[in-house]
Amino acid sequence: YGSFGIGAIRLGTSDIIKRDIFNQPGPSFENSFFEYIVSYGKSLPFTLNAGANFKILNHSLDNNSATGFGLDLGFLANPIKYFSLGFNWQDLIEPEMKLNNSQENIPYNLKAGTKFTYQFPHHSLLLAFDIDKTRSRDVKIHAGGEYGLYDILFLRGGYDRDFATLGLGVAYNFFQIDYAFKFQNDLGNTHRFSISFKFGKSVAQRKEGQLEKQRQKLQVGLETERKQKMAQFLNEGKNFES
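Read on for an overview of the structure.

Parameters at a glance
Residues numbered from 1 in each chain as written. Predicted model: local features only at pLDDT ≥ 70, side-chain atom pairs only at ≥ 80, totals over all residues. Heavy atoms only, no water. Pairing = 2+ DSSP bridges. Helix = DSSP H or I, 4+ residues; strand = E, 2+ residues; numbered from the N terminus. Axes fitted to C-alpha atoms, helices over the stretch in contact; angles between N-to-C directions. Buried < 20%, exposed > 50% of the residue type's maximum accessible area, 1.4 Å probe, protein only. Polar contact = N/O pair within 3.5 Å; in protein donor to acceptor, adjacent residues only side chain to side chain. Contact = heavy atoms within 4.5 Å.

**So, the sheet that holds strand E10 (residues 139-149)**
Thought 1: Taken in spatial order, the 12 strands line up as E1-E2-E3-E4-E5-E8-E9-E10-E11-E12-E13-E14 in an open sheet, and their pairing is antiparallel. This sheet does not close on itself; its edge strands, each paired only once, are strand E1 (3-19) and strand E14 (190-197). Averaged over all neighbouring strand pairs, the angle between strand axes comes to 15 degrees, with direction disregarded.
Thought 2: Examined bridge by bridge, strand E8 (residues 109-119) and strand E9 (residues 123-134) share 11 bridges and lie antiparallel to one another. Among the inter-strand pairings, Lys115 is bridged to a residue of E9, identified as Ala128.

Structure representation (structure tokens):
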């Protein structure tokens, strides 16, 4: 039936000092942005995969709050071994956020990219490149690479919107921790952490299980056919003997 996913993202700043017309400090307030995601993906013929995100967005600023809804579509193809091609239309339905008397539509974003991966006996290499175009903005370029060691340690580096990035990942069994560092001039250098838990079989494992069932079914069919032929030969032998 495909794959399902849920997610939540929060981006916020707290303890912002409110000031009056005389620039005197007052009580503090918070500016936060939440995004809740329900995802679905499915494999299609011709090595094509497709997926969609339904999103609920909420923006809270001081005592004001706004909610909007969005939709993403994505396609991923693996035309040849080691290479992948992808296309993503983010906010196909643009969320409308009305905060007090101010209304804003989050603009759509078109993204296309390619990826090269190669698995060595105990190492792995990943190289990726993509471009994205947001409504009313210039095209942005992203590039990056990852080196994996024993599927446990991952070192990453890249280029994101005119700034360099570095990353590190550690995975063990169903548990993974990732860290990313990005150089920025306006907001200052940023640090990102994520913790992931994986459960259930992967798509590759499920496909391998389906192939194994098909092999077993074929083996049973061959064994049944062999027994039927043996019984036929025995009956013919008895007839010749008579």
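**Some points on the side chain of Gln176**
Thought 1: Structurally, Gln176 can be placed in strand E13 (residues 175-182).
Thought 2: In this structure Gln176 comes out as buried when scored by relative accessible area, which is 15%.
Thought 3: Within polar-contact distance, the side chain of Gln176 engages the side chain of Asp178 at 3.0 Å.
Thought 4: In this structure, Gln176 is in contact with Arg156, Val170, Ala171, Ser194, Ile195, Ser196 and Lys198, ignoring residues within four places of it in sequence.

**Side note on unusual backbone geometry**
Thought 1: Positive phi outside glycine occurs at Asp15, with the angle close to 55 degrees.
Thought 2: Considering the arrangement of structural elements, one finds Asp15 in strand E1.
Thought 3: Note on Asp15: relative accessible area 60%, which makes it exposed.
Thought 4: Despite not being glycine, Tyr82 has its phi angle at roughly 80 degrees, a positive value.
Thought 5: With respect to the element layout, Tyr82 can be found in the loop between strand E4 (64-77) and strand E5 (83-93).
Thought 6: Note on Tyr82: relative accessible area 33%, which makes it partly exposed.

Spatial relationships are all this shows, so hold off on functional conclusions.
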